[in-house]
Amino acid sequence: MRLEPEQMWGYFEWLISEMALVQGLLVAVGIALLAFIACYLVASVKWGPAEGFYQVTRVIYELLARDLPSTSFKRIYALARLAFQEAIRRKVLVLMAVFIVVLLFAGWFLDTGSDNVAQLYISFVMTGTSYLVLLLGLFLSCFSLPTDVKNKTIQTITTKPVRSTEIVLGRILGFSGVGTLLLLGMGLLSYGFVTRGIVHQHEVESIAQDQTGNTTYDARHAHTFEMLPGEKLGVTSTLKGHSHVVRQKDDGTYEIGPPEGLLLARIPIFGKLHMTDRSGNVVRRGINVGYESEYQTYIEGNSPMSAVWTFAPVNQANFVDATLPIEMTLQAFRTLKADIVTGVRGELFLRNEQTGAETERRPFIVQEGVVDRQEFTSVLPGSKRGQPTEVNIWDDICSAGNWQVIVRCVDRGQYFGMSQADLYVRAGESRFGWNLAKGFVGIWLQMIIVICLGVMFSTFLSGPVAMVATLSSLVLGFFGSLALDVASGAAPGGGPLESLIRIPMHTAATIELDLGNNVLESAIQWFDRGILYSVAALFHALPSFAQFNTSEFVAYGYNIPGSLVCRHLTMAAAYFVLCSVVGYFFLKTRELASS
């Protein structure tokens with residue numbers, strides 16, 4: 001799982017410090033200006049400049065002074081109920097039957113012996129649910145209004161005291177209600193499917209005199225276990241991301257419990273990462289060891305290079321047994337063959353510059369591909385202002401000002417790779433069911449935006465064309481990041497015209513274009529730049545559906561932050577308002593055209 005830095009922002013940090021509110025207002029103002037100019041030009045062609053200006057401003061006046069203040073929630077409810085009943089008549093409940101059938105047969109194909117069966121089951125149900133409800137929203141929203149217009153049933157509605165705002169809002173809320181009902185049922189079925197699907201049972205295969213033993217081979221694996229001295233309780237080894245509790249019954253037989261540790265919802269506290277270079281100076285990033293992706297940067301072993309995570313003070317009451325757990329997922333990059341059994345060695349310690357206290361350096365072996373957990377008890381050997389002494393984690397390190405976790409690589413010629421999200425303090429555990437519900441909120445918001453777009457496009461396009469337009473927005477919203485990189489210039493190779501010229505020249509994108517004519521090259525770059533700026537503006541205005549997808553949080557056992565859910569709700573609300581307003585104007589334009 002790749003956790004991007006923007007996913008760790010707090011809600012107000014995103015809204016204020018990262019200028020999300022300002023950017024949203026600028027986009028809204030820009031769209032409003034462009035829409036006004038476009039509508040005025042169309043109206044001028046049809047009615048002339050003066051009459052066209054009057055018609056456009058009249059529609060705006062009617063929205064602000066008449067339709068919006070007089071919008072009735074009772075009539076919106078009635079229209080939403082009508083849309084709900086219309087959706088039910090279209091037999092959308094068949095979708096639930098399809099989902100149940102898929103779950104019934106999915107167990108035949110999902111590998112219960114995979115390295116992490118919970119990830120497999122969670123990813124399957126969340127991905128399948130997402131596709132189904134998005135298709136549902138697409139078909140429901142795009143054909144309703146065009147069908148009413150074609151059959152002239154819309155005239156029955158418009159002759160009633162119903163406003164255009166109420167028609168648009170009623171459609172969106174009615175279809176959203178149907179989708180929400182289905183998604184709720186899918187969520188409950190998915191929870192049962194995941195919790196039952198991961199269950200497997202072992203029996204005790206053998207046990208020795210020293211109270212150690214082996215379990216039977218089930219679900220393509222077997223554990224070893226060890227009973228606690230003097231206790232009728234033991235625990236198996238951790239394998240495939242889980243372990244089992246072993247209990248000795250009163251009759252002397254042993255019982256192995258269900259798997260534990262598969263359905264997690266860790267609550268991480270992330271810090272800010274910076275590094276030090278080979279001279280010990282503070283730098284933002286480490287070394288690029290040659291990978292194309294720079295998600296992780298590297299520090300060199302046996303050098304002054306180090307990775308430093310800075311955390312705000314934490315409260316001892318949030319941690320069990322007064323133990324500070326730190327989890328990390330570092331990567332090793334080897335430039336020479338070494339001890340392949342021992343692995344690459346590192347060390348980490350905690351430091352508080354305000355109190356001058358730091359713990360002694362703790363050696364560790366990097367564990368690639370798994371979460372390495374390091375626990376720090378309350379009192380540890382360390383030093384204060386260079387003098388060896390015992391330090392209290394809570395009084396001397398974590399509770400007074402910012403504190404740091406410093407990681408270094410010990411082995412010469414080897415490197416550690418890390419990103420900001422690769423080390424965090426684990427502050428307890430949330431409930432898996434609640435975390436899964438928050439993951440489904442992301443799917444629900446995707447569905448709401450698709451319905452808003454579908455209803456908006458259907459106010460001025462026919463059903464099939466509205467579906468193509470909504471589907472295009474959906475595809476670009478999911479996979480538009482690559483195109484946005486090209487449009488913003490982050491990806492090399494220039495724009496469409498330059499790329500077209502490079503094809504017959506067999507020139508790589510990383511090489512500067514050389515045509516032997518500076519004027520021609522400048523003209524090509526200016527032409528491409530104009531196209532790319534337009535494309536970039538379009539992608540910024542479209543909803544990024546991929547960022548609403550939080551299924552990886554659930555699958556990899558991380559609690560979805562409340563701030564991230566609030567951000568997604570805010571963005572969905574903004575698109576709801578935008579689509580409603582645009583849909584209203586297009587519907588009013590149809591009324592004007594018909595009159």
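Residues numbered from 1 in each chain as written. Predicted model: local features only at pLDDT ≥ 70, side-chain atom pairs only at ≥ 80, totals over all residues. Heavy atoms only, no water.

1. Quick look at the packing of aromatic side chains
Alright, step 1. Evaluation of the coordinates by the stated rule reveals 18 aromatic pairs.
Alright, step 2. Taken together, a centroid distance of 5.2 Å and an interplanar angle of 80° make the contact between Tyr11 and Phe12 edge-to-face.
Alright, step 3. The partly exposed category is assigned to Tyr11, whose relative accessible area is 22%.
Alright, step 4. Classification of Phe12 by relative accessible area gives exposed; the value is 59%. (Phe/Tyr/Trp six-rings, centres within 6.5 Å; stacked < 30°, edge-to-face > 60°. Buried < 20%, exposed > 50% of the residue type's maximum accessible area, 1.4 Å probe, protein only.)

2. Focus: the environment of Phe143
Alright, step 1. Note on placement: Phe143 falls in helix α6 (residues 117-150).
Alright, step 2. For Phe143, a relative accessible area of 25% corresponds to the partly exposed category.
Alright, step 3. Separated by 82 residues in the primary sequence, Phe143 and Tyr61 have C-alpha atoms spaced 29 Å apart.
Alright, step 4. In this view, Phe143 contacts Arg90, Gly463, Pro464 and Met467; residues no more than four positions away in its chain are not counted. (Helix = DSSP H or I, 4+ residues; strand = E, 2+ residues; numbered from the N terminus. Contact = heavy atoms within 4.5 Å.)

3. Points about the environment of Phe175
Alright, step 1. Positionally, Phe175 belongs in helix α8 (residues 164-197).
Alright, step 2. On a C-alpha basis, the gap between Phe175 and Cys142 in space is 11 Å, while along the polypeptide they are 33 residues apart.

4. Looking at the environment of Arg351
Alright, step 1. Note that Arg351 resides in strand β14 (residues 345-352).
Alright, step 2. Assessed through its relative accessible area of 25%, Arg351 is described here as partly exposed.
Alright, step 3. Placed 179 residues apart in sequence, Arg351 and Gly530 show a C-alpha to C-alpha distance of 51 Å.
Alright, step 4. Leaving out residues up to four positions away in the same chain, Arg351 has contacts with Ala357, Glu358, Trp403, Gln404 and Ile406.

5. What to know about the packing of helix α5 (residues 94-109) against α8
Alright, step 1. Contact geometry of α5 with α8 gives a least axis separation of 10 Å together with a crossing angle of 10°. As summarised for this structure, α5 and α8 are arranged roughly parallel, according to the angle between their axes. Between α5 and α8, the residues in contact are Leu95, Met96, Phe99, Ile100, Leu103 and Ala106 and Leu182, Gly185, Met186, Leu189, Ser190 and Phe193, respectively.
Alright, step 2. The class makeup of the residues in the contact of α5 with α8 is ten nonpolar, two polar and no charged. (Axes fitted to C-alpha atoms, helices over the stretch in contact; angles between N-to-C directions. Parallel < 35°, antiparallel > 145°, perpendicular 65-115°, else oblique. Nonpolar A, V, L, I, M, F, W, Y, C, P; charged D, E, K, R; others polar.)

These figures capture arrangement, not role.
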